[in-house]
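Summary of the model geometry
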Amino acid sequence: MNAVMIIDTFWVLLAAILVFFMNLGFAAVEAGFARAKNTVNILSKNFIVFAVSSLGFLLLGWGLMFGGDNPFVGTSHLFILGGADLSFYDNTLTSNVPFWGKFFFQLVFCGTAATIVSGAVAERIKYVAFILFSFALTLILYPIVGHWVWGGGWLADMGFMDFAGDAVVHSLGGWGALSGALILGPRIGKYGKDGKAKAIPGHSMSLAVIGLFVLWLGWFGFNPGSTMSFQNPADVVSILMTTNTAAIAAVLTSTVTSWIYLGKPDLGMTINGCLAGLVGITGSCAYVSVLSSLIIGAIAGVLVVFLVVFFDKIKIDDPVGATSVHLGCGTFGTLCVGLFAQEGVTSLSTRNGLFFGGGFGLLGIQIVGILAIGVFGFVATALVWIVLKKTIGIRVTAEEEIAGLDIGEHGNMAYPDFAPISAAPVSGIPAKEEADRVAAAVASVPGAPADAAGKPADEVPVIHKERTAGPKMTKVTIVTNQSRFSELESTLSRIGVTGLTISNVFGYGMQKGHEAWFRGAPVESRLLPKVKIDVVICKIPVETVVNAVQKVLCTGNVGDGKIFIYDVEDVVKVRTNERGYDALQDEE
């Protein structure tokens, strides 16, 4: 093996390892953007998707992608295992890298396309359904599109340009994410009765930022490595710079856009903005100047903010923004080849786009490719989802979704000693709207006030050194499922209780909690995460509170909760030293 082959092979393997490392980035970003109760499921999906992708691409995917120059799909030497003649592929992509080096580099790209789908269907997809979808995508669908563009297919013959995979990887993965999110439907509690989207914040922005930086690092293998050669270092470093420049531009514009449009510099938008810049430059990174990459990234950063809002408005529930980042900005990046391509900017750039005197020729070809991959990608992935839905089912039960997929699908928890209150209002009985349940609970309580708002407040507080005689004070403690907190809070507010103390607790009663396992062994602690709400009431009858709480929480199932009632001797307001009922007036 000569020096050129050694250098090129080393470069391709280094780049492939960086792209493989992106699996950790996707896992961390998705887990950070999901709720704590689904963390194990997210991490497990990102583990298994690479294994499934590797198997599919090894069994048939490579052959369909690179097996000959049939316009639609590879038809020659499809199977590369079992003593197959691999010399057929000596000149595929490059002759300077041994076959298995080329295979592994293409494999990690294939795995990325499948990983993109994971985030969009998070928090409600059946584990086995996602595994089977990923296998179909990487065994057949991704290789077909890859053949069209990189395997000598009909789009390549037309002159379609996609250097590192805006269309092949990101757009195709995005179409699978979109069809999956549509067919699955939104998460319970994502949309209110009025149809407006409700925020369901992820549990760890720290984890999401860590994942973002891992992905950013991996992209320095994803884009520059697509040269599959280090014989022209100037090309490699130019691609490195266009990649990084687009990312930093998008970080800035997404931050500013969210600051102006949403009122605050939202970190989640900045994370998606950086990814949008990286995706937006992927297809054109070898064909555009550094200045053009600055413009492309800046536009992608703005675009992704409005796409996230747009998909929320049309009720496409995507917990991580995969459709906005990979589909939206992948399509935009593919268009940018036809707009910003500049002949001679690298040795790989041989055509000019519209903005550099090339006319509409290349732009027209890019549009044809976008439409073809879009139609095929959406229809084909939708068919796979529909077949899975009609056979094994693709969505977990409502009870599993509310409790979290970690317990329902895997029988363990990522954070066994910590469980935040569910941020989204969800119902234990999805068939009934939360507002209806709250209204029914309040209506069932005789004499309950309709609304506590507008109560007159004393303009000048009276300071008491000792408690004066007054109405009896009672503490009511309610322990129930975390997912019922929103309904309970609304009910208490409607009957006049405006002060709550909320705690996350763990425990079990006669039911002995849930069964949890770790590495095949039972977990000794079987505690269930609960929420505990404490209220102190004075003039509101205790039975009014008890009856309303029972009405709204009762489903007839084990685990509805318990109510504890205590006498309160005294209350002291720290700020004013008021005592007794006076101390409760603005907090009851």
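Residues numbered from 1 in each chain as written. Predicted model: local features only at pLDDT ≥ 70, side-chain atom pairs only at ≥ 80, totals over all residues. Heavy atoms only, no water.

In a regular helix each residue adds 1.5 Å, so 30 residues correspond to 44 Å; helix α8 (residues 233–262) covers 43 Å between its end C-alpha atoms and thus fits that length. Directly after α8, the chain includes Gly-263, whose backbone phi takes a positive value near 95 degrees. (Helix = DSSP H or I, 4+ residues; strand = E, 2+ residues; numbered from the N terminus. Expected span 1.5 Å × (residues − 1).)

Before going further, it helps to examine a nonpolar patch on the surface. Judged by side-chain polarity, Ile-248, Leu-291, Leu-294, Ile-295 and Ile-299 come together as a nonpolar surface patch covering roughly 410 Å² of accessible area. Residue position: Ile-248 is located in helix α8. Note on Ile-248: relative accessible area 34%, which makes it partly exposed. (Patch = residues over 30% accessible without salt bridge, like charges linked within 9 Å, V, L, I, M, F, W, Y side chains within 5 Å. Areas by Shrake-Rupley, 256 points an atom, 1.4 Å probe, with all protein chains shown as cover. Salt bridge = Lys/Arg side-chain N within 4 Å of Asp/Glu carboxyl O. Buried < 20%, exposed > 50% of the residue type's maximum accessible area, 1.4 Å probe, protein only.)

With respect to the helices, strands and loops of the structure, Arg-187 is situated in the loop between α6 (166–184) and α7 (205–222). Relative accessible area serves as the criterion here: at 4%, Arg-187 is assigned to the buried category. Other than its neighbours up to four places away in sequence, Arg-187 contacts Arg-35, Ala-122, Glu-123, Arg-124, Ile-200, Asp-317, Pro-319, Arg-395 and Glu-401. (Contact = heavy atoms within 4.5 Å.)

So, on to empty space enclosed by the protein. What the rule picks out here adds up to four cavities of 30 Å³ or more. Within this model, the largest cavity holds a volume of roughly 90 Å³. Along the walls of the largest cavity sit Phe-26, Val-29, Glu-30, Ile-116, Leu-215, Asn-272, Leu-275, Val-320, Gly-321, Ala-322, Val-325 and His-326, which together make up its complete lining. (1 Å grid on protein atoms, 1.4 Å probe; cavity = no way out; pocket = protein on both sides within 12 Å on 5 of 7 lines; lining within 4 Å. Points joined across faces, edges and corners; volume = space filled by probe spheres on them.)

With that settled, the discussion passes to the packing of aromatic side chains. Enumeration according to the criterion identifies 27 aromatic pairs in this entry. Ring geometry for Phe-72 and Trp-148: centres 5.6 Å apart, planes at 50 degrees, overall tilted. Placement of Phe-72 in the loop between α2 (39–66) and α3 (99–120) and of Trp-148 in helix α4 (residues 127–150) is noted, with a sequence separation of 76 residues between them. For Phe-72, a relative accessible area of 40% corresponds to the partly exposed category. Taking relative accessible area as the criterion, Trp-148 reaches 4% and is therefore assigned buried. Each ring, one from Trp-148 and one from Phe-376, has its centre 5.2 Å from the other, and the planes form 55 degrees; the classification is tilted. Of this pair, Trp-148 sits in helix α4 while Phe-376 sits in helix α12 (residues 361–391), and the two are 228 residues apart along the sequence. Accessibility classification places Trp-148 together with Phe-376 in one group, the buried group. Through successive ring pairs, a cluster of aromatic residues spans Phe-57, Trp-62, Phe-66, Phe-88, Tyr-89, Phe-99, Trp-100 and Phe-103. Across the ring face of Phe-130, the terminal group of Lys-45 is positioned such that the distance to the ring centre comes to 5.0 Å. (Phe/Tyr/Trp six-rings, centres within 6.5 Å; stacked < 30°, edge-to-face > 60°. Lys NZ or Arg CZ within 6 Å of the ring centre and 35° of its normal.)

Examined bridge by bridge, strand β1 (residues 473–481) and strand β5 (residues 528–537) share eight bridges and lie antiparallel to one another. Note on β5: the bridge partner recorded for Thr-480 is Val-531. Inspection of the sheet shows strand β2 (residues 501–507) paired to β5 by seven bridges, in the antiparallel sense. Looking at the pairing, Thr-501 lines up with Asp-534 of β5. (Pairing = 2+ DSSP bridges.)

Two quantities define a packed helix pair, namely the angle between the axes and the distance from one axis to the other. Between α7 and helix α9 (residues 267–282), the least distance of the axes is 10 Å, while the angle of their chain directions is 10 degrees. By the criterion of interaxial angle, the relationship of α7 to α9 is roughly parallel. Contact with α7, carried on its side by Met-205, Ala-208, Val-209, Leu-212, Leu-215, Trp-216, Trp-219 and Phe-222, involves Leu-267, Gly-268, Ile-271, Cys-274, Leu-275, Leu-278, Val-279 and Thr-282 of α9 and no other residues of that element. Taken together, the residues that form the contact of α7 with α9 break down as 14 nonpolar, two polar and no charged. (Axes fitted to C-alpha atoms, helices over the stretch in contact; angles between N-to-C directions. Parallel < 35°, antiparallel > 145°, perpendicular 65-115°, else oblique. Nonpolar A, V, L, I, M, F, W, Y, C, P; charged D, E, K, R; others polar.)

Before going further, it helps to examine the side chain of Asn-41. For Asn-41, the position within the fold is in helix α2. We classify Asn-41 as buried; its relative accessible area is 0%. Filtering out sequence-adjacent residues up to four positions away, Asn-41 remains in contact with Tyr-127, Leu-405, Asp-406, Glu-409 and His-410.

The next point concerns the nonpolar core. The biggest cluster of nonpolar side chains holds 107 residues, and the ones touching the most others in it are Phe-109, Tyr-142, Trp-150 and Val-169. Every residue in contact with Phe-109, bar those within four places of it in the chain, is listed here: Val-19, Tyr-142, Trp-150, Ala-164, Val-169, Phe-222 and Ser-226. Judged by nonpolar contacts, the second largest core, of 19 residues, contains Leu-492, Ile-495, Ile-533 and Ala-548. (Core = buried A, V, L, I, M, F, W, Y, C linked by side-chain atoms within 4.5 Å.)

Another aspect to go through is the pattern of salt bridges. This model, assessed by the stated rule, comprises eight salt bridges. Between Arg-35 and Glu-123 there is a salt bridge, and its shortest N-O distance comes to 3.2 Å. Highlighted residues: Arg-35 in the loop between α1 (3–33) and α2 and Glu-123 in the loop between α3 and α4, separated in sequence by 88 residues. In this structure Glu-123 comes out as buried when scored by relative accessible area, which is 1%.

A separate point is the sheet that holds strand β6 (residues 562–568). Here we have four strands laid out as an open sheet, ordered β2-β5-β1-β6, and antiparallel in their pairing. Each edge of the sheet is formed by a strand with only one pairing partner; in this case those strands are β2 and β6. Averaged over all adjacent pairs, the angle separating strand axes in this sheet is 25 degrees, with direction ignored. Pairing analysis gives seven bridges linking β1 to β6, with the strands arranged antiparallel.

In this section: the confidence of the model for the protein chain. Confidence in the prediction for the protein chain averages 88 pLDDT; 88% of positions are at 70 or higher. Confidence drops under a pLDDT of 50 for residues 420–431, and excluding neighbours within four residues, the segment shows 39 contacts in the predicted structure. Throughout residues 450–467 the model reports pLDDT below 50, and contacts reaching past four residues in sequence, or to other chains, amount to 23 contacts. (pLDDT = per-residue confidence, 0-100.)

Take the layout of surface pockets next. Roughly 700 Å³ of volume is contained in the second largest pocket. Lining the second largest pocket we find 27 residues, and of these Lys-190, Asp-266, Met-269, Val-308 and Asp-312 sit closest to its centre. Mapped onto the lining of the second largest pocket, the elements with two or more residues apiece are α9, α10 (290–313) and α11 (322–340). Of the residues that constitute the lining of the second largest pocket, the class distribution is 14 nonpolar, six polar and seven charged.

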